[in-house]
Amino acid sequence: MNHVEIHRDECKGCAVCVAACPHGCLVIGDTLNLMGYQYVEFVGNDRCTACGLCFTVCPEPGALVVYGMKKV
Amino acid sequence: MPDVQIQYSKSASMYQLFFRKENDQKTTHYCPGCGHGTAQKLIASVIDELAIQDRTVFLSPVGCSVFSYYYFDTGNIQCSHGRAPAVATGIRRTLSDAIIIAYQGDGDLAGIGMTEIVHAANRGENITVFFINNAIYGMTGGQMAPTTPIGVKTLTTPEGRSKSRDGNPIGMCELLASLQAPAYIERCSLSTPKQVLRTRLAIKKALDYQVRKKGFSFVEILSPCPTNWRMSPLDARAWIAGELEGDIFPLKCFRDVPQEIQPDSLSVIRPDIVTLLTKDSILKTSYDGPPRAPKYIKIAGFGGQGVLSAGELVAFSALEEGFNVSWLPSYGPEMRGGSANASVICSDEPIGSPVVDCPNVLIAMNNPSLELFENSVTNNGIIVLNSSLVERKPRRTDVKTYAIPATDIAKKAGLVSAANVVMITALAAITGFLHVSTVKHSIGNVLRKKLYTDKNLEIVENTLSYLREKEMM
Ligand SMILES: Cc1ncc(C[n+]2csc(CCOP(=O)(O)OP(=O)(O)O)c2C)c(N)n1
Ligand code: SF4
Ligand code: SF4
Ligand code: SF4
């Protein structure tokens, strides 16, 4: 299934991806990561289209990995 | 069910681990929500897509993105403040295949570096400039930039930028578009996902023009600095859309006229000029003997011991023997005293960087030099030490050590300042990597005071006698 893998300790909790997702698949959670940020969580199991917008707007190189069914 | 595959992940053009501070960083040093991170990911993904990673040279500026070289797995140079377009020009003239990216902030490009960018654009250099306009000096804590809008409060405009006092914000795209030479000029923004995707298209077009040698390309990217704007990352993006993109910095393509660049005009290595310059030269421009192992030489001592000219002596001699050579001096502000060292590289291959971190030859003229550099010598390296002044033996057992009483030999001949010549003679005679006859010939080229040439040649002979006596050669 389409989904986004979150590398929690690479996320700075800026919420730019949360605002970018057209399907509300991402939310900022309550827990803190190693850097002390409330990191993003993926909640969009059936809705994610693997469009990659969240990855593209995120300032961190490796915080997100987008998986999808379409061929690369 | 079809396989789930990775669709978007970290670019191959970025390092997997960043060797900043600790060796295993995965995150950048940018503040949360900073536009630099997004812009650099876009650039990296286009480098991947155009398959130009192995010939890209990324020029970092001074500013928050000064550390870009920790992130881009490409060639990297960190330029002095505002000077990236000048550095890019130099690379362009020497490496015709390089893809050159100057990445600059608005303080860097439109403030201190205004001259460089205007002239590089005016020459139509086949380079790409990404201009990150966050309307403020980020790194130094939020001073007014040439791009700060009227009325905006910054550290240096506490009551807001005033037109009469500070001038209007400068539109760099507009300014450069008044020149004839540029091929492509566009202003983009990171305000919304849609604009981010457009920015990626502009980045791709700019780099593609460079790949196809279509001339100077310039992409301005309006970019959030949440920290110094004192806004949340999302508010900062909304502020770009509401305040910057309108009248001040309209998003549009200002120029799209691909130029035809004559590839030959870009190269400074013209055979006719090489012949002209080397016709009467003693220097060999080529070497066709068996391959020679490169020498990474560190010569160290105190100022006044002739450390730098010892390096020149090696460099001149090696040039004469057809090596590629670099010579890099390092010294303190004192003319005499203090410590000094010279790094000299002699290689059959072209030399990428003149820095010698791990020498395979160390010439230690005094105690502190041995202390400082002994541990950096490579396995099986050579240490030549001035035993007149160096009191201890090297601790390393995996290197060859030669102790030469250089100061005593020089003093005996009545020219104590020629201890450096003793050391270089010994290096040449013992290792054979330079002919002593070449060293003798170069002494004339290196010496400032020609008066002492004969004295120095005598000291060379005395050194050879000493080495023969001690069966060191
Ligand atoms: C020669 C010199 N002058 C001034 C400085 C101080 N300085 C460091 S970064 C900077 C401005 C950076 O602003 P910008 O180019 O907008 O980059 P940002 O940090 O916003 O990304 C200044 C003035 C310096 N390092 N060197
Ligand atoms: S890939 Fe697209 S749909 Fe999926 S979480 Fe990211 S932005 Fe949302
Ligand atoms: S994943 Fe990236 S964009 Fe999303 S909150 Fe974390 S750092 Fe910000
Ligand atoms: S100060 Fe501004 S430009 Fe610099 S890293 Fe932080 S957010 Fe980015």
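Here the structure is a predicted model, which means the values were calculated and not measured.

Would you mind going over the interface of chain B and chain A in detail, with residue names and values included?
Counting from both sides, the interface comprises 31 residues of chain B and, opposite them, 33 residues of chain A. Interface area for chain B against chain A, summed over the two sides, is near 2,700 Å², with a carbon-plus-sulfur share of 65%. When the buried surface of chain B facing chain A is broken down by residue, Gln7(B), Tyr8(B) and Lys41(B) rank first, second and third, together holding 26% of it. Linking chain B with chain A are twelve residue pairs in polar contact (both at pLDDT 80 or more). Split into classes, the residues belonging to the side of chain B that touches chain A amount to 17 nonpolar, nine polar and five charged. Strand direction decides the pairing type here: strand β4 (residues 64-68) of chain A and strand β1 (residues 5-8) of chain B, joined by three bridges, are antiparallel. Pairing of Tyr67(A) across the sheet is with Ile6(B), part of β1(B).

For the packing of aromatic side chains, give the residues involved together with the corresponding values.
Residues and elements named next belong to chain B. With the rule as written, the count across this model stands at 13 aromatic pairs over all chains. Taking 5.8 Å as the distance between ring centres and 35° as the angle between the ring planes, the aromatic pair formed by Phe-131 and Phe-218 counts as tilted. Of this pair, Phe-131 sits in strand β5 (residues 128-133) while Phe-218 sits in strand β9 (residues 217-222), placing them 87 residues apart in sequence. The pair formed by Phe-131 and Phe-218 is uniform in burial state, with each residue classed as buried.

Residue-level account of the site of ligand 4, with values.
What surrounds ligand 4 is the set Tyr30(B), Cys31(B), Cys34(B), His36(B), Cys64(B), Asn134(B), Gly138(B), Cys225(B), Pro226(B), Thr227(B) and Asn228(B). Taken together, the residues of the shell around ligand 4 break down into six nonpolar, five polar and no charged.

Lay out the site of ligand 1 in plain terms, naming residues and giving numbers.
Residue and element names in this part refer to chain B. Around ligand 1, a shell composed of 16 residues is seen, among which His-36, Cys-64, Asp-106, Asp-108 and Gly-138 lie nearest. Note that an oxygen atom of ligand 1 is positioned 3.0 Å from one of the side-chain N or O atoms of Asn-134. Interatomic distance of 2.9 Å between a backbone N/O atom of Met-139 and an oxygen atom of ligand 1. In isolation ligand 1 exposes 590 Å². Once the protein is present, 72% of that is buried. Of all elements in the fold, only α3 (106-112) and β6 (136-137) reach the threshold of two or more residues within the shell around ligand 1.

Now, about unusual backbone geometry: what can you tell me, with residues and values included?
Residue and element names in this part refer to chain B. A positive phi angle, near 55°, is found at Lys-213, a position not held by glycine. Mapped onto the elements of the fold, Lys-213 is located in the loop between α7 (193-211) and β9. Residue Lys-213 is classed as partly exposed on the basis of its relative accessible area, which comes to 23%. Positive phi is not limited to glycine here, since Arg-230 has a value of about 55°. Mapped onto the elements, Arg-230 comes out in the loop between α8 (226-229) and α9 (233-244).

Break down the confidence of the model for chain B for me, citing the residues and quoting the values.
Parts of the model with low pLDDT should not have their predicted coordinates read in detail. For chain B, mean pLDDT is 93; residues scoring 70 or higher make up 95% of the total. Confidence estimates for the predicted assembly give a pTM of 0.78 and an ipTM of 0.97.

I'd love a proper account of the sheet that holds strand β4 (residues 99-105) of chain B, names of residues and values included.
All names here are of chain B. The seven strands lie next to each other as β3-β2-β4-β5-β9-β8-β10, forming an open sheet whose pairing is mixed. Where the open sheet ends on each side, the last strands, each with one partner, are β3 (75-78) and β10 (253-256). Shown here is a sheet whose adjacent strand axes are inclined to one another by a mean of 20°, direction ignored. Where strand β8 (residues 184-189) and β10 come together, three bridges link them in antiparallel fashion. Among the inter-strand pairings, Glu-186 is bridged to a residue of β10, identified as Cys-253.

I'd like to hear about the pairing of strand β2 (residues 26-32) of chain A, residue by residue, with values.
Residue and element names in this part refer to chain A. Here β2 pairs with strand β3 (residues 38-42) via four bridges, running antiparallel. Paired with Leu-26 across the two strands is Phe-42, which belongs to β3. Joining the antiparallel neighbours β2 and β3 is a turn of five residues, in which Gly-36 adopts a positive phi near 90°.

Please set out helix α14 (residues 419-431) of chain B residue by residue, giving values where relevant.
All names here are of chain B. For α14, with 13 residues, the first-to-last C-alpha span of 18 Å sits near the 18 Å given by 1.5 Å per residue. Judged by how many residues are buried, α14 sits mostly within the fold: twelve of 13 residues are covered. Buried residues of α14: Ala-419, Asn-420, Val-421, Val-422, Met-423, Ile-424, Thr-425, Ala-426, Leu-427, Ala-428, Ala-429 and Ile-430, and no others. Gly-432 sits one or two positions beyond α14 and adopts a positive phi of about 70°.

Could you give me a rundown of the domain arrangement of chain B, with the residues and numbers involved?
Each domain of chain B was delimited in the assignment, giving domain 1 (19-265) and domain 2 (275-469). Domain 1 of chain B and domain 2 of chain B are separated by 44 Å when their C-alpha centres are compared.

Definitions and limits used
Residues numbered from 1 in each chain as written. Chains lettered and ligands numbered in written order. Predicted model: local features only at pLDDT ≥ 70, side-chain atom pairs only at ≥ 80, totals over all residues. Heavy atoms only, no water. Contact = heavy atoms within 4.5 Å. Buried area = accessible area lost by both parts, 1.4 Å probe. Polar contact = N/O pair within 3.5 Å; in protein donor to acceptor, adjacent residues only side chain to side chain. Nonpolar A, V, L, I, M, F, W, Y, C, P; charged D, E, K, R; others polar. Pairing = 2+ DSSP bridges. Helix = DSSP H or I, 4+ residues; strand = E, 2+ residues; numbered from the N terminus. Phe/Tyr/Trp six-rings, centres within 6.5 Å; stacked < 30°, edge-to-face > 60°. Buried < 20%, exposed > 50% of the residue type's maximum accessible area, 1.4 Å probe, protein only. Near = heavy atom within 4 Å. Areas by Shrake-Rupley, 256 points an atom, 1.4 Å probe, with all protein chains shown as cover. pLDDT = per-residue confidence, 0-100. Axes fitted to C-alpha atoms, helices over the stretch in contact; angles between N-to-C directions. Expected span 1.5 Å × (residues − 1). Domains from an automatic or database assignment.

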